[in-house]
Amino acid sequence: MGIYVVKRLLALIPVLLGVTILTFSIMHLSPGDPAKIILGSKATEESIRQLRAELGLDLPIYQQYLRWLGNILRGDWGRSIQMKMEVLPLILNRFGATLILTLASAGLATVFGVLSGIIAAQKKYTWIDRLLMLIVLVGFGMPVFWLGILLQITFGLKLNILPISGMYSPGQNGFLDLFKHLILPSISLAVGSGAIIARMTRSSMLEVFGQDYIRTARAKGLREKKVIYKHALKNAFIPIMTVIGMQIGFLLAGAVLVEMVFSWPGIGTLMVNGILARDFPLVQGIILFVATSYVLINLVVDILYAYLDPRISY
Amino acid sequence: MRWFFRVMITVFVLGAIVAGCSFNSPPQSAGENAAREKSIVIGLQAEPTSLDAHQISDYNSSRAAMEMYDQLVQFKDESTEIEPDLAEKWDVSKDGLEYTFYLRKDVKFHDGTPFNAEAVKFSIDRQIDPKHPYHDSGQFAYAEFTFGMVDHVEVVDEYTVKIVLKEPYAPFLSNLAMHAASIVSPTAVKQYGKDFSRHPVGTGPFKFVSWNPGVEVILEKNPEYFKGAPKIDKLIFKPITEDQTRLTELEAGNLDLIVNVPPDDLERLKADPNLQVIEQSGMHVWWTAFNTQKKPFNDVRVRQAVNYAINKEAIVNEILKGTGELANSPLPPSIWGHNPNVKNYEYNPEKAKQLLAEAGYPNGFEVTYGVPESGSGMQQPTTMAAAIQADLEKVGIRVKIQTFEWGSYLDKVFVPYDQQKDMDMHQMSWIGDNGDPDNFLYILFSSKQWPTAGFNDAYYKNEEVDKLLDEARVTNDKKKRTELYEKAQELILKDAPWIIVDHEKQIVVAQKNVKNFKLHPTGVFRFANVDVD
């Protein structure tokens, strides 16, 4: 197990290096001269040339990359053009909000996905199963954007029982206030992942139901509840677990749209505003940050997977 | 599964405890105060980027920040004429080089620092003098524009300050009403340095309270404001990027005022008895420029013909749905010097065909039309381009639309005239800075402003216009300047270097109980006299 973790950590190095190369190239292949953008339309040619030299934009591309990578490793992620602040503290400051939203959605998606998956498997081919799977299908295909607006209009505007947007009411920062604000965005974000988890749970449970040990458990007169939750679910949970882990990564990236709709103050809104303002250092920083977190989450899931399932040896 | 429910229950219990704590913390009297407190919550389009008046370069920041600051002079309500602010009066020397300001004596910054001539000198030198000890406390995007013509600033005595220019420049007084000319507390800049943008201190009607990133900016009233305390206790600015979400929040009553309303919703909102729609034409103009140095648009008859061929009114009504005001001149009517007597070309396809025939193009011709996908002030570029293309088709001109991403578009537009290969005509817009006619007419039509030196993207050149604009620049007599600009507008309209379409309106929607809110052409919000029922 220890060797496996070390191996996996070493394997991260080329992956992360790849991430930095990709991030760097994306930003440098996109049109527009950063120096011109920083100085604005009223800048003189001379001051643009000066800033280009200052930023190292006149160096060969590989030197620019190495310089940038060196700064990144030292924790200097550059300065946001738009927000006039260091990029890394700016991202860390907003990442908390994204993490809260992502984890709440992951929790919701897991609870509802697993429960409806189990029920559908239990009642397979009945109308309950069909209805649940229909809901799952609709949920999977529903655009997050549209669902978000629908929820806002229904629960915020018409019924007026939940906040429509933001993370806190003006001037507040209590937990209950946060909790209320979290409900609609986390539902919008959870629906898609919940649907995938439900489908996975259903098929995984059905597969387990066919196994000999379940038949044995039933034959020896165990209560059905115990059969399902104790014997079947435990064995069906490993593939479900993998899907949940993958979904957390997707949720993290998918939070952008939900954050926009609900003006949730996470890195998603920060990035969209950065793109609109052509804030290269900021956008580059966020892409790098999200990509790195994605890689790290996958690592944690893989390690957990190996830990949970002793049959898998590496 | 039981572990899962246990975790959920623990989370709820912990949450309830945390929530309970935070509910207990505010003392009883705060609740009573809250009941009496008057606040206005404003939905902005994006988060402010800086609250340092000298660093601001976007509307969201200026709207949230500018109520904390004053300038030596200010724009009058609803126009760009100048009136006294922190300076009670001023003299301009005969040669137009020296501006002497006599300052108010009863003003203090929010942090208690007294306002005086030193503070004025500090506020300007901080931006323009690279050797100033606090020059590195920010990036001053507007310094060159606002103070580029300033030679130096002199403190004459505690309440008199003299600004000396390098050369006469009539619009200078207008520059002094802009955000970069705000007077900031020297004590606060010295204390916070680069972080001044997050701890702003001015002399304005509202004081800074807090900035929660991505969530809100809160200001409170300055009871000692020298023009009298505002009627509102608190201003709260919330960034909500999605137009639809901002609107829903307003309709639910959680916001008092919002900006950037989707055009399609405007009719419905005007009919809503709980809301008011407030409009004002801004310092904006949208146009399509011809490359006047190249065939076929080097012939004035062709440019006029194209102008006659386009139904501008239909564009404003059908596409912009009234969010723009039909333009008769490149200079918006909210700016002094606007000539109400010049006429834009009316829709007359027959006349267009006739002019084309006269110019030697009875069967029309083919041109490429450069269009950006988006961009600040560009309204609905592709839809508007399609309408223009369809109108020109009717008089035999075949238009090939070329779309570009905004960044690369700018790189293609602002090149020397003979290097402009991808387009014969293209779209552009301009948002004014200081409300002086010079800021529109000189910058957009002087032959000294041909790209890459400046913004004259039609490569327009008319020696008579050049003379008028040059003269108006150095004349301090406003009446004389107005005449010069009115004449210039006549000549420009006749030469038709552009298809002038509209001035984008600023539109805010507010709750009915918000009183006395007026939009200003500069886009800055003013809350000093605003009240709520």
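Refer to the structure above for everything that follows.
In this text the structure is predicted, and so the values were computed from the model without any measurement.

Analysis parameters
Residues numbered from 1 in each chain as written. Chains lettered and ligands numbered in written order. Predicted model: local features only at pLDDT ≥ 70, side-chain atom pairs only at ≥ 80, totals over all residues. Heavy atoms only, no water. Core = buried A, V, L, I, M, F, W, Y, C linked by side-chain atoms within 4.5 Å. Buried < 20%, exposed > 50% of the residue type's maximum accessible area, 1.4 Å probe, protein only. Helix = DSSP H or I, 4+ residues; strand = E, 2+ residues; numbered from the N terminus. Contact = heavy atoms within 4.5 Å. Salt bridge = Lys/Arg side-chain N within 4 Å of Asp/Glu carboxyl O. Pairing = 2+ DSSP bridges. Axes fitted to C-alpha atoms, helices over the stretch in contact; angles between N-to-C directions.

**Q** Tell me what's going on with the nonpolar core, and back it up with residues and numbers.
**A** One recurring pattern in soluble globular proteins is that nonpolar side chains are buried together. B:F101, B:L103, B:I163, B:L176, B:F517 and B:F527 are the most contacted members of the largest nonpolar core, which has 93 residues in total. If you tally residues by element for this core, the top one is helix α12 (residues 280-308) of chain A, at six residues. In contact with B:F527, not counting residues within four places along its chain, are B:I40, B:I42, B:E67, B:F206, B:L235, B:F237, B:L257 and B:F517. Within the second largest apolar cluster, 73 residues are counted, among which are B:I319, B:I388, B:V395 and B:Y409.

**Q** I'd like to hear about the pattern of salt bridges, residue by residue, with values.
**A** All names here are of chain B. Within the structure shown, the criterion is met by 31 salt bridges over all chains. The salt bridge involving E81 is made with K76; its shortest N-O contact spans 4.0 Å. Judged by its relative accessible area of 33%, K76 falls in the partly exposed class. The salt bridge partner of K353 is E350, with a shortest N-O separation of 3.9 Å. Of the two residues, K353 and E350 are both situated in helix α12 (residues 349-358); the distance of three residues between them amounts to about one turn of the helix. With relative accessibility at 37%, the residue K353 sits in the partly exposed group. In the salt-bridge network here, residues are joined through shared partners; they are K76, E81 and K478.

**Q** An account of the sheet that holds strand β6 (residues 150-157) of chain B is needed here, citing residue identities and associated values.
**A** All names here are of chain B. The sheet built from four strands is open, its strands ordered β4-β5-β7-β6 with antiparallel pairing. Strands at the two margins of the open sheet, each flanked by one partner only, are β4 (87-92) and β6. This sheet shows a mean twist of 20° between the axes of neighbouring strands, independent of strand direction. With five bridges joining them, β4 and strand β5 (residues 98-103) adopt antiparallel strand pairing. Across the sheet, residue A87 finds its bridge partner in β5, namely L103. Packed onto the sheet, helix α4 (residues 117-128) meets β5, β6 and β7 (160-165) and runs at close to 160° relative to β6.

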